[in-house]
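Close look at the chain arrangement
Chain by chain, the residues:
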Amino acid sequence: MAAPLQERLESLTTKAQLLLERYLQLQKEHQAALEKIEELKTTLSKKDQEIGHLKVEIERLTVVNVLAPTGSDVAKTRTLLSELVQEIDKCISELSE
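Described below are features of the structure shown in this document. (Residues numbered from 1 in each chain as written. Predicted model: local features only at pLDDT ≥ 70, side-chain atom pairs only at ≥ 80, totals over all residues. Heavy atoms only, no water.)

Quick word on the pattern of salt bridges
By the definition in use, this model includes four salt bridges. For K41, the salt bridge is made with E38, and the minimal N-O distance between the two is 4.0 Å. On the criterion of helical spacing, the pair formed by K41 and E38 is a turn pair, its members being three residues apart in helix α1 (residues 2-67). Assessed through its relative accessible area of 47%, E38 is described here as partly exposed. In this structure, E50 engages K47 in a salt bridge whose closest nitrogen and oxygen atoms are separated by 4.0 Å. Placement of the pair is E50 and K47 together in helix α1, with a separation of three residues, close to one helical turn. By relative accessible area, which is 42% here, E50 ends up partly exposed. (Salt bridge = Lys/Arg side-chain N within 4 Å of Asp/Glu carboxyl O. Helix = DSSP H or I, 4+ residues; strand = E, 2+ residues; numbered from the N terminus. Buried < 20%, exposed > 50% of the residue type's maximum accessible area, 1.4 Å probe, protein only.)

Encoded structure:
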């Protein structure tokens, strides 16, 4: 009677040890995942700041480009304005009907 009880006790001890090892491994993986999340949040924050700076730079360059347009820019702008005027004329004529 003592032998089966001893075997069951050893089996339970082995299983408990295995569960403890798995728990500790999962705990390490969880901590590593949390650290990776923090690292990614930091990276994301830096990238957001960089995007903000680049948007400001684009705005500045756009203003400079508008102040000193090239010949092709003028032609593109005229074409765009011409198309817009045609669309407006078309809308006016449709409304007049």
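The discussion continues.
Here's the deal with a nonpolar patch on the surface
Residues L20, Y23 and L24 make up a contiguous nonpolar surface patch of about 290 Å² in total accessible area. Following the sequence through the fold, Y23 ends up in helix α1. (Patch = residues over 30% accessible without salt bridge, like charges linked within 9 Å, V, L, I, M, F, W, Y side chains within 5 Å. Areas by Shrake-Rupley, 256 points an atom, 1.4 Å probe, with all protein chains shown as cover.)

Honestly, that's just the spatial picture; any functional story needs more than this.
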